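Letter by letter, the chains look like this.
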Amino acid sequence: MNTAVVAEITGEITYLGYGLAAIGPGIGVGLIFAAYINGVARQPEARGMLQTIAFTGMALTEALAILGLVFVFVFQG
Amino acid sequence: MSLSVVPAHWLQGGLSAADEEGFQAPGIESFWWPLIGSDTSNWTLTRPAFVVMASVVIIGFFFLAVAGKLTVVPSKRQWVAEQAYGFVRNTIARDVIGAKDFRPFVPLLMTLFTLILFNNVMGILPFVQFPSMSRIAFPIVLTLIVYVVYHTVGLRRKHGVVGYLKSLVPPGLPVWLRPIMFFLEFLTYFIIRPLTLALRLFGNMLAGHLMLLVFILGGEYLLVHGSNLFVQASGILGLAFGIVMTFFELLVQFLQAFIFTLLSALYISDAVSEEH
Amino acid sequence: MVLAPVKAAEDVGWPEALPLLPHPAEIVIGIIAFGILYWIFSRKVVPRMEAMYEERAAAIEGGMAQAEQAQAEARAALEKYNAQLAEARTEANEIRESAREQGASIVAEMRSQAQSEASRITESAQRQVEAERQQAVVQLRQEVGSLSTSLASKIVGESLEDEVRQKGIVDRFLAELETGEVTPEKVAPAGRET
């Protein structure tokens, strides 16, 4: 059984994992800001309140991506 | 004790490695840059620490100079300071915390905003080009301060530990949902919020600077060591894209300073507000 | 791209340590930096900025009061000016009216003056004419008297030397002629016959 190495990829699998993990929060943050823009477009006077809510939601959603970033470094090697 | 412009381990590992096995991609070790001291010591004076101290001196002198001779009709320098101050005071503090309670938190938010913004912009300022917030220690310090502040304010406003913990659960929930909600809110308030606050800033700065390093070092490597014209042209393309990304970084840097300050204000306003 | 595996910081040192591991010196420097900057902002910058904001608000309010005052002054000045303008306008009207009246009266005066002058001239002319006529009548009467007496004396042969008598006869005759008691006799046919 001879296995010839045609192409070899070396590196951290965790980076790949983080790339995949960032998809979800990316979509989530996009949805939040889409809704925020919609809301502001419909009711410009509610901007201040919506901004607070949007950033709270973004902080929550992005927390997942940031946890992923932590795990990249923690599970390296 | 060695005073070095380029970190010693770059000279040891990086260049020899480049000769032997090709391009050495920039990594986390690129962010370690001691000025005085050894690699293993816990008390090494690093370059980002030096940048932070310098930034304190510069920001402090600038604002002290402006505050020393304030006039009703602003001069050019005062106008710049007033823009920053007005932005933090009105857009962030007053709009988020509320007109009633925002006054005592203005210095805190102002310190956070100017310190983060200045140190972020240091990431693309020529001859400095090191975002000190990409060293986790500084975001952790700032986050710890915000963490302590908003919990202290919450404990004071909501009548002690029990009242504060009770206030975590939104009113009007069915009984069976309350423990779950309490657990989630507790996690949010005590773990997720500080963790994300610090790591968001750190991650953005680290990733942004790493990206610039990849484009510029990679472009330079392709240009210098490229075997044919096509590779060298792509090296130039990489360098050009590095310049474009530098301006994108400027946007990100401002945005991160803004978001850090805004979220700090948001957490404080949660602690200050009576309901919830 | 191979990154060195994570090892404890004590083994390889900080360059390859876990990036999430804060460097103690940096933490200390961070805390000191934040402390200094916070002290500067809370003690020096923010109070002065707030004071300046209040001062500016006061200045703006003062400026607004001043502006209002200036506006009121301007309005008063405008009203005054308008009043003056109206006054001047009525005055001009009055002057124009009086001038017209004056002109009319001057014209009328001149006219009446001219008329009276004309009437005076005509009157004096008439008087002169009358006087001349009177004179002519008197002269004529004398000549007619003397002529007729001489004629009559020639015819009658009687000399009427007495001037007074002669005059009285002629006068009486003429008076009778005027009153119509005596119709004048035709002289010419007689004359023609002679």
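Coordinates for the structure precede this section.
The model shown is predicted, which means the values in this text are computed figures rather than measured ones.

## Some thoughts on the overall build of chain C
Then, in step 1: Counting secondary structure elements, chain C contains 4 helices and 0 strands.
Then, in step 2: Within chain C, the fraction of its 194 residues that count as buried is 16%.
Then, in step 3: Counting every atom, chain C has about 14,800 Å² of accessible surface; 58% of that belongs to carbon and sulfur.

## As for the overall build of chain B
Then, in step 1: Counting its secondary structure elements, chain B contains 8 helices and 2 strands.
Then, in step 2: Ordered by position in the sequence, the α and β elements of chain B form the string α-β-β-α-α-α-α-α-α-α.
Then, in step 3: By residue count, 46% of the 276 residues in chain B fall in the buried class.
Then, in step 4: The long-range fraction of contacts in chain B, counting pairs at least 24 apart against all pairs at least 6 apart in sequence, stands at 67%.

## Some words on the interface of chain B and chain C
Much of the literature gives interface size as the accessible area that the parts lose upon coming together.
Then, in step 1: Residue-level contacts link 55 residues of chain B with 40 residues of chain C.
Then, in step 2: Between chain B and chain C the total buried area reaches about 4,100 Å² when both faces are included, carbon and sulfur atoms providing 76% of it.
Then, in step 3: In terms of surface lost to chain C, no three residues of chain B exceed B:Val72, B:Tyr85 and B:Thr111, which account for 14% of the buried area on that side.
Then, in step 4: One can count 4 salt bridges joining chain B with chain C.
Then, in step 5: Summed over the shared surface of chain B and chain C, the number is 6 residue pairs in polar contact (both at pLDDT 80 or more).
Then, in step 6: Looking at the side of chain B that touches chain C, the elements with two or more residues in it are strand 2 (45–46), helix 2 (47–68), helix 3 (76–97), helix 4 (106–121), helix 5 (137–157) and helix 7 (178–225) of chain B.
Then, in step 7: When residues of the side of chain B that touches chain C are assigned to their parent elements, the largest contribution, 11 residues, is made by helix 2 of chain B.
Then, in step 8: Across the side of chain B that touches chain C, the residue classes tally to 35 nonpolar, 14 polar and 6 charged.

## As for the nonpolar core
All names here are of chain B.
Then, in step 1: Leu109, Leu112, Leu142, Tyr150, Phe260 and Leu263 are the most contacted members of the largest nonpolar core, which has 64 residues in total.
Then, in step 2: The element contributing the most residues to this core is helix 8 (residues 229–272), with 13 residues.
Then, in step 3: Other than its neighbours up to four places away in sequence, Tyr150 contacts Tyr164, Tyr189, Arg193, Pro194, Tyr267, Ile268 and Ala271.

## Structural notes on the interface of chain A and chain B
Then, in step 1: On the chain B side, the residues contacting the 16 residues of chain A number 16 residues.
Then, in step 2: Summed over both sides, the interface between chain A and chain B buries roughly 1,300 Å², with carbon and sulfur atoms accounting for 82% of that surface.
Then, in step 3: Looking at the side of chain A facing chain B, the largest losses of area belong to A:Phe55, A:Ile66 and A:Phe73, adding up to 33% of the total buried there.
Then, in step 4: Taken together, the links from chain A to chain B amount to 1 salt bridge.
Then, in step 5: With a shortest N-O distance of 2.2 Å, B:Arg200 and A:Glu62 are connected by a salt bridge.
Then, in step 6: Summed over the shared surface of chain A and chain B, the number is 2 residue pairs in polar contact (both at pLDDT 80 or more).
Then, in step 7: Broken down by element, the residue count for the side of chain A that touches chain B peaks at 14 residues, all from helix 3 (residues 47–74) of chain A.
Then, in step 8: Residues that form the side of chain A that touches chain B fall into these classes: 11 nonpolar, 4 polar and 1 charged.

## Description of the packing of helix 5 of chain B against helix 8 of chain B
Residue and element names in this part refer to chain B.
Then, in step 1: At a minimum axis distance of 8 Å, the contact between helix 5 and helix 8 shows a crossing angle of 20°. The angle between the axes of helix 5 and helix 8 places the two elements in the roughly parallel class. Crossing hand, helix 5 versus helix 8: right-handed. Contacts between helix 5 and helix 8 involve Leu142, Thr143, Val146, Val149, Tyr150, Val153, Gly154 and Arg157 from the former and Phe260, Ser264, Tyr267, Ile268, Ala271 and Val272 from the latter.

So, how was this worked out
- Residues numbered from 1 in each chain as written.
- Chains lettered and ligands numbered in written order.
- Predicted model: local features only at pLDDT ≥ 70, side-chain atom pairs only at ≥ 80, totals over all residues.
- Heavy atoms only, no water.
- Helix = DSSP H or I, 4+ residues; strand = E, 2+ residues; numbered from the N terminus.
- Buried < 20%, exposed > 50% of the residue type's maximum accessible area, 1.4 Å probe, protein only.
- Areas by Shrake-Rupley, 256 points an atom, 1.4 Å probe, with all protein chains shown as cover.
- Contact = heavy atoms within 4.5 Å.
- Buried area = accessible area lost by both parts, 1.4 Å probe.
- Salt bridge = Lys/Arg side-chain N within 4 Å of Asp/Glu carboxyl O.
- Polar contact = N/O pair within 3.5 Å; in protein donor to acceptor, adjacent residues only side chain to side chain.
- Nonpolar A, V, L, I, M, F, W, Y, C, P; charged D, E, K, R; others polar.
- Core = buried A, V, L, I, M, F, W, Y, C linked by side-chain atoms within 4.5 Å.
- Axes fitted to C-alpha atoms, helices over the stretch in contact; angles between N-to-C directions.
- Parallel < 35°, antiparallel > 145°, perpendicular 65-115°, else oblique.
- Left-handed = near helix turned anticlockwise from the far one by under 90°.

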